[in-house]
Amino acid sequence: MQFTRSGERWPSVLTNFVLPSKMRVFRPLFLLVFLLLAGAAVATHNRAGEIIVCHVGGGWYEATIVTHTKLSAPADRPELTLNWGDGVSTVVGRTNIVDTPGSDLRRNEYVAQHEYLGVGSFILQFDDQNRNGGVVNVPNSISQSFCVQTKLVISALGGNNCSVRFLNPPIQDACYQRPWIHNSAAFDPDGDSLSYEPVVCLGLNCDPIGGYQYPNAFPAGGGNTYTIDPTNGTISWLNPGLLGEYNIAFRVHEWRRVNGVVIEMGWVTRDMQVTVRTCTNEPPVIQALLDTCVEAGDFLTFNVNASDPNFGQQVTLTALGQPLVLANSPATFVSPSPAQSVTGVFSWQTTCSHVRLQPYQMVFNAIDNDPEVQLQDYKTMNITVVAPAPEDPSATPSGNAIDLQWDASICSNATGYRIYRRSGLFGFTPDHCETGVPAYTGYTFLASTAGVSNTSYTDASNLIIGNQYCYMVVAVFPDGAQSYASVEFCAILDRQVPVITKVSVVDTDITFGIDSVQWSNAYDLDTTARPGPYQFKLYRGTGFTTATQLIWTSSLHPFLEHPDTNFVDTGLNTQDQAHVYRVLLLGGGGADTIGYSSPASSVFINAVPNDEQITVQWTHNTPWQNTLYNVFRDIGGTWTLLGTSTTDSYVDTLLVNGERYCYLVQSFGAYSDPAIFSPLINWSQEVCGVPVDLTPPCAPTVSLDNDCETPLNTLTWNNPNESCADDTWFYRVYYADSLNAPFVLIATVNGAENTVFTHVNNSSVAGCYQVTAVDTVGNESPFVEPVCGDNCPQYTLPNIFTPNADRVNDFFVPFPYRGVRSIELTVFNRWGMVVFEALDPAILWNGTLKNTGEVLPDGVYYYVCNVNYARLIGTEMVQLKGYVHLQGGGAGSPVN
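Computed from a prediction, not measured in an experiment: that's the story for all the values here.

Caption draft 1: How the structure looks around the overall build of the chain. For the chain, the count of helices and strands is two helices and 61 strands. Its C-alpha atoms give the chain principal-axis dimensions of about 140 × 110 × 55 Å. When each of the 896 residues of the chain is scored for burial, the buried share is 48%. Looking at the chain alone, contacts between residues at least 24 apart form 66% of all its contacts between residues at least 6 apart. Separation between the mean location of the 41 positive side-chain charges and that of the 81 negative ones in the chain comes to 13 Å.

Caption draft 2: How the structure looks around the sheet that holds strand 16 (residues 235–238). Taken together, three strands build an open sheet; the order of strands is 12-16-15 and the sheet is antiparallel. Edge positions in the sheet fall to strand 12 (180–182) and strand 15 (225–228), since each has one partner strand and no second. Across the sheet, the mean angle from the axis of one strand to that of its neighbour is 5 degrees, orientation sign disregarded. As judged from the three bridges shared by strand 12 and strand 16, these two strands associate in the antiparallel manner. Across the sheet, His182 pairs through a bridge with Ile235, a residue of strand 16.

Caption draft 3: Representation of the packing of aromatic side chains in the model. One pass over the structure, following the stated rule, counts 41 aromatic pairs. Consider the rings of Phe632 and Trp683, whose centres lie 5.4 Å apart with planes at 45 degrees: the pair is tilted. With Phe632 in strand 44 (residues 625–635) and Trp683 in strand 48 (residues 680–683), the pair connects residues that are 51 residues apart, well separated along the chain. For Phe632, a relative accessible area of 13% translates into the label buried. Taken together, the aromatic side chains of Phe801, Phe812, Phe836, Trp845, Tyr861 and Tyr863 make up a single cluster linked through ring pairs. One cation-aromatic arrangement involves Arg270 over Phe166; the distance from NZ or CZ to the ring centre is 4.3 Å.

Caption draft 4: Geometry of the confidence of the model for the chain. Overall, the prediction assigns the chain a mean pLDDT of 91, with 94% of residues at 70 or greater. Counting contacts from residues 1–43, a segment whose pLDDT is below 50, to residues more than four positions away or on other chains yields 42 contacts. Confidence over residues 891–895 falls short of pLDDT 50; this stretch has ten contacts with residues more than four positions distant or in other chains.

Caption draft 5: Local environment of the pattern of salt bridges. Within the structure shown, the criterion is met by 23 salt bridges. Within the structure, one salt-bridge network assembled from shared partners comprises Asp76, Arg94, Asp99 and Arg106.

Caption draft 6: Spatial organisation of the layout of surface pockets. Estimates place the volume of the largest pocket at around 850 Å³. For the largest pocket, the lining is made up of 39 residues, of which Ser103, Leu105, Pro169, Ile171 and Gln172 are closest to its centre. Residue composition of the lining of the largest pocket, grouped by class: twelve nonpolar, 15 polar and twelve charged.

Caption draft 7: Highlighting the pairing of strand 52 (residues 728–736). With seven of its nine residues buried, strand 52 lies for the most part within the structure. Summarising the sheet, strand 52 and strand 55 (residues 767–775) pair through eight bridges and their orientation is antiparallel. Within strand 55, the position partnered with Arg732 by the bridge is Thr772. Sheet analysis places strand 52 next to strand 53 (residues 744–750), joined by six bridges and oriented antiparallel. Its bridge partner being in strand 53, Arg732 is matched across the sheet by Thr748.

Caption draft 8: Spatial organisation of the nonpolar core. Among the nonpolar cores identified, the biggest contains 73 residues, and Phe346, Phe364, Ile383, Ile402, Tyr471 and Trp519 are the most heavily contacted of them. Every residue in contact with Phe364, bar those within four places of it in the chain, is listed here: Ile286, Leu289, Phe302, Val304, Thr318, Ala319, Phe333, Phe346, Asp377, Tyr378, Lys379 and Met381. Formed by 28 residues, the second largest nonpolar core is a distinct cluster that contains Tyr196, Tyr246, Met272 and Val274.

Caption draft 9: Structural context of the state of the cysteines. Using the criterion set out here, one finds ten disulfides in the structure. The partner cysteine of Cys54 in its disulfide is Cys162, sulfur to sulfur 1.7 Å. Its S-S torsion of about 50 degrees marks the bond between Cys54 and Cys162 as right-handed, since a negative value means left-handed. Highlighted residues: Cys54 in strand 3 (residues 46–57) and Cys162 in the loop between strand 9 (146–154) and strand 10 (165–166), separated in sequence by 108 residues. Taking the relative accessible area as the measure of exposure, Cys54 reaches 16% and is therefore buried. Disulfide pairing places Cys175 opposite Cys279 at an S-S distance of 1.5 Å. Where Cys175 bonds to Cys279 through sulfur, the torsion about that S-S bond is close to -115 degrees, and the disulfide is left-handed. In this pair, Cys175 is assigned in strand 11 (residues 174–175) and Cys279 in the loop between strand 18 (261–277) and strand 19 (285–286), connecting sequence segments 104 residues apart. The exposure class of Cys175 is buried, given its relative accessible area of 0%.

About the criteria used
Residues numbered from 1 in each chain as written. Predicted model: local features only at pLDDT ≥ 70, side-chain atom pairs only at ≥ 80, totals over all residues. Heavy atoms only, no water. Helix = DSSP H or I, 4+ residues; strand = E, 2+ residues; numbered from the N terminus. Buried < 20%, exposed > 50% of the residue type's maximum accessible area, 1.4 Å probe, protein only. Contact = heavy atoms within 4.5 Å. Lys, Arg positive; Asp, Glu negative; His and termini not counted. Charge placed at Lys NZ, Arg CZ, Asp CG, Glu CD. Pairing = 2+ DSSP bridges. Axes fitted to C-alpha atoms, helices over the stretch in contact; angles between N-to-C directions. Phe/Tyr/Trp six-rings, centres within 6.5 Å; stacked < 30°, edge-to-face > 60°. Lys NZ or Arg CZ within 6 Å of the ring centre and 35° of its normal. pLDDT = per-residue confidence, 0-100. Salt bridge = Lys/Arg side-chain N within 4 Å of Asp/Glu carboxyl O. 1 Å grid on protein atoms, 1.4 Å probe; cavity = no way out; pocket = protein on both sides within 12 Å on 5 of 7 lines; lining within 4 Å. Points joined across faces, edges and corners; volume = space filled by probe spheres on them. Nonpolar A, V, L, I, M, F, W, Y, C, P; charged D, E, K, R; others polar. Core = buried A, V, L, I, M, F, W, Y, C linked by side-chain atoms within 4.5 Å. Disulfide = S-S within 2.5 Å.

Here it is, written out as structure tokens:
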């Protein structure tokens, strides 16, 4: 016979080996021993592995299987079979071997390429039927195969992908009752964000191994814990409690942000072996490191310190991370000579090519030189490379717009710029790692430009004369990274039109109300180009936005400093309406329309009553910014200050329901142009309200005792008067007989102290309940999550009845039943004739023929009964079939 190993054919030693004649009696035993030894030789070599994959062009991807095997094991794999996840498998030959005899270790690489024909998610995997025997946390490990998987996502949204890479080998022993710390030093060449999770090792056919347990289960407790940090990937197995070999696996997910949406781009699983040995060693310790940011172009350097607590032991300090393997201007780490206390130096001359949204993770490793088990410590830190801020920005007024300019980013890989705006200067100084423009500054996104050289923009969006507009600009990059923000730069539009500074209610009345309006003149107007005489026209409107009704025209004045810059508007309904105004400036004796001011409205308030309180709310539309409001109440004929607010409302509490309270509001504001006087003070109209209880009690917390055998539902709930209310009067109980049925009112329970209700729907206890609390003025608490119960329905029929009028068993009726909504019963005689039908679950058949009342003869009758059970999910139909003996009816008859 022939054995197949890794795709090779080789002659069987069993057919070619000739035993001496004296030994042939032992041939069966010899064969058995040989087979066991051969199986062990083939099944004890895999220590770790993973699959990495990367796009190489078009639809082509290159996958690399990496395995770590025991060098001393007889088993070897010159080739493996790779399943590409699209129905295609490839036998892949080994392309590289690296042996480390001192660690009994061989690193193998198998490389192949494959073309995918479209987008999708693909699980790449290989299944090598050789795990080590005796693995503590893998039941019958010698019979388990070794499988690892990688998920590749080819996405129309996310594009092509290269998977995670690991810089740290997966070979690291542990020490009994000592912390074991490991970090794979994973990085993503595409700059995708990574997350980590532990997973169950995979066995035959790449299924999860049945009975697998994480290593902290041996033994459980006693400080034996096993975790993996989901952010930096550090695995911590604290205080291993049992000697032996363990298999662990973890998965590294890749996440990519595309158009503001985070999508998964795939994952890589690494399976590795950890051997726990005895030792008296304590692990070395690396001092904690803080995350940092560096501006592209700056030189970053810092020290890394480590030491060993064991006297006489030496520490070797190394570094792992993508910055060390970059093609352009990689970082360096100067590892010190081994000693008990060491300091290494990390250095990195950053460039614009290093700018990206995701930070670079550096992993620092300290390993001691204990002769039994070399223990290790890992510390991670993140380094974010940030592009410099755009420089030399400027803002220049240009008519009704502002022209913005700035220098091109020194990072030519920038794809454009984002522009932010606010009214007035904030005084922003970004923190060391604060990129872009944070929302707390009050800046909002205005516009973007495409291309690193597109360094200008004209802002003509809703600009108001009288305000200072400030801007910041950031450079953006292909993956969504943003530079530091530029310095704030500001401009004020020239005041070439009037600026309203006051719209204040003088008198509140439905007919004779009065508004006072004032404005400031267009002091930046070019009077040479736009000569006088000058004139104003004032327009009014109802509401907050549109003023089209001409209500006043000033006299002509030869100079721009026109004396008529205020107007008292009378005969208004200021009680029920706000009013909005705008001013038109005319030149050339009224022939030259110079321009309108921005509209400005009065402050209009409403009083919203509630239980023992009134909420005063206000609305306005002004070109200036109001920042403070004083709220007054009429107390004994005197307007008395109640308090202040910086929002658009104020709640006046501790009032008496049914009494009348009156209010007015005083607003304080300013334009951001410091040349316009401030504060601008305006008054609202007066408004009155009467507090009334509109607040319902809080919803009762309901519990349900669903006794489906009795059957009976018992509802109990808390009294809201004992917690969140003081005027609960009664309760309403609502019921729905199934999950999708509407709730209907079934009962009213009077008295706040009565908090129990029982209910059964005929014989059904299936359904859901809501209990609401109602106060003394009719406010009802809202519906909340209902409580629901179900039936345990029961319906059985007897096999005999005796309709002989002795009042014992005279009717064909069911045994006591519950949870039945309805039935459809049909009874047949022996010839198939229908003799009786019923829809009522009680049946009550007296043994007579349907429709005629003729007494049926004794005999056996067949029935079919469709029973409709009332269940929480709705009606459930169960069909019963059987026979019933009718005795004591009529004598033999053709009907039977």
